[in-house]
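What the coordinates show
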Amino acid sequence: MRELPRQLSADELAELFEGRTSFVERLAAGPDPLVRARALVHELPDDEKKGILDAHPAIGQRKGLSARSAAEQGSDEDPAVLEELARLNAEYEARHGFRFVVFVNRRPKAEILDVLRARIANPTEQELETALDELVAIAEDRWSSR
């Protein structure tokens, strides 16, 4: 695994976190941004937490993806899987009020369906913190696989 960087620009962090948010700006302003991200992400007000999650593309989304997100999500184009992902993503967002974020870690979309089904039932407060941990794991993986 590649060592975590001591400093990253806001643009570099925006690529890792799928958008240039105030969270990214704060991380860029100090040392060890990916180390600090693990704690800082949980200290944000709920509206900021939801904002950084909503900046991330939905799993199974086909349009408007960054090149990195498209590569991470893979090419599983089974229409039944994509339809079920879209349905479950909508159910998740209606229940929790923010986007489902999961560290795919090269798993096929069909496997993510089980994760999404299980996480829909979580209490929203727990799910918010889980989604934030997943978001940071994605950023760390993106850094280490550069």
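Position numbers for residues count from 1 along each chain, tracking the sequence in the order it is written. Local features in this predicted model are restricted to residues of pLDDT 70 or higher, and side-chain atom pairs are both shown and tallied only at a pLDDT of 80 or more, whereas totals for entire chains, interfaces and linings draw on every residue. Side-chain measures here rest on the full set of heavy atoms in the structure, leaving out hydrogens and waters.

Before going further, it helps to spend a moment on the packing of aromatic side chains. Aromatic rings from Phe, Tyr and Trp, taking only the six-membered ring of Trp, are treated as a pair when their centres fall within 6.5 Å; an angle between ring planes under 30 degrees marks them as stacked, one over 60 as edge-to-face, and anything in between as tilted. Per the stated rule, a full pass over the model turns up 3 aromatic pairs. Geometrically, the ring pair formed by Phe17 and Phe23 is edge-to-face, given 5.3 Å between the ring centres and 85° between the ring planes. A relative accessible area of 3% means that Phe17 is categorised as buried. Here Tyr92 and Phe98 contribute two aromatic rings whose centre-to-centre distance is 5.9 Å and whose plane-to-plane angle is 85°, an arrangement assigned as edge-to-face. On the basis of relative accessibility, which here comes to 0%, the residue Tyr92 falls in the buried class. Relative accessibility thresholds used throughout: buried, under 20% of the residue-type maximum; exposed, over 50%; partly exposed, between the two (1.4 Å probe, protein chains only). Here Phe98 falls in the buried class, since its relative accessible area comes to 1%. Ring pairs connect the aromatic residues Tyr92, Phe98 and Phe100, which therefore count as one cluster.

A separate point is the side chain of His56. Numbered from the N terminus, helices here are DSSP runs of H or I no shorter than four residues, and strands are runs of E no shorter than two. Within the fold, His56 resides in the loop between α4 (46-54) and α5 (67-73). For His56, a relative accessible area of 6% translates into the label buried. Excluding anything up to four places from it in sequence, His56 contacts Phe17, Glu18, Arg99, Val101, Leu135, Ile138 and Arg142. Pairs of residues are marked as contacts when any of their non-hydrogen atoms sit within 4.5 Å.

The next thing to look at is the packing of α4 against helix α8 (residues 124-144). Between α4 and α8, the least distance of the axes is 10 Å, while the angle of their chain directions is 50°. Between α4 and α8, the angle falls in the class oblique. Our pair here, α4 against α8, has a crossing hand that is left-handed. Of α8, the residues touching α4 (which contributes Asp46, Lys49, Lys50, Ile52 and Leu53) are Glu125, Leu128, Glu129, Ala131, Leu132 and Leu135. Following the grouping adopted for this structure description, the nonpolar residues are Ala, Val, Leu, Ile, Met, Phe, Trp, Tyr, Cys and Pro, the charged ones are Asp, Glu, Lys and Arg, and the polar ones are all others, Gly among them. Residues belonging to the contact of α4 with α8 are distributed by class as follows: 6 nonpolar, no polar and 5 charged. For helices, the fitted axis covers only the stretch in contact; all axes are lines through C-alpha atoms, and the angles between them, taken along N-to-C directions, range from 0 to 180 degrees. Any angle between 65 and 115 degrees counts as roughly perpendicular, while under 35 counts as roughly parallel, over 145 as roughly antiparallel, and the rest as oblique. Left-handed describes a crossing whose near helix is turned anticlockwise from the far helix through less than a right angle; right-handed describes the clockwise counterpart.

A word on the packing of helix α6 (residues 79-96) against helix α7 (residues 109-120). Interaxial distance between α6 and α7 falls to 10 Å at its minimum, and their mutual angle equals 20°. The orientation of α6 relative to α7 falls into the category roughly parallel. The handedness of the crossing between α6 and α7 comes out as left-handed. Two secondary-structure elements touch here, α6 through Val81, Leu82, Glu84, Leu85, Leu88, Asn89, Glu91, Tyr92, Arg95 and His96 and α7 through Lys109, Ala110, Leu113, Leu116, Arg117, Arg119 and Ile120. Residue composition of the contact of α6 with α7, by class: 9 nonpolar, 2 polar and 6 charged.

A few words on the side chain of Arg99. Mapped onto the elements, Arg99 comes out in the loop between α6 and α7. Counted as a polar contact is a pair of N or O atoms within 3.5 Å, where, for protein atoms, one must be capable of donating a hydrogen and the other of accepting one, and residues adjacent in sequence contribute only when both atoms are in side chains. There is a polar contact of 2.4 Å between the side chain of Arg99 and the backbone oxygen of His56. With sequence-adjacent residues up to four places away left out, Arg99 is seen in contact with Leu53, Asp54, His56, Pro57, Ala58, Tyr92 and Glu93.

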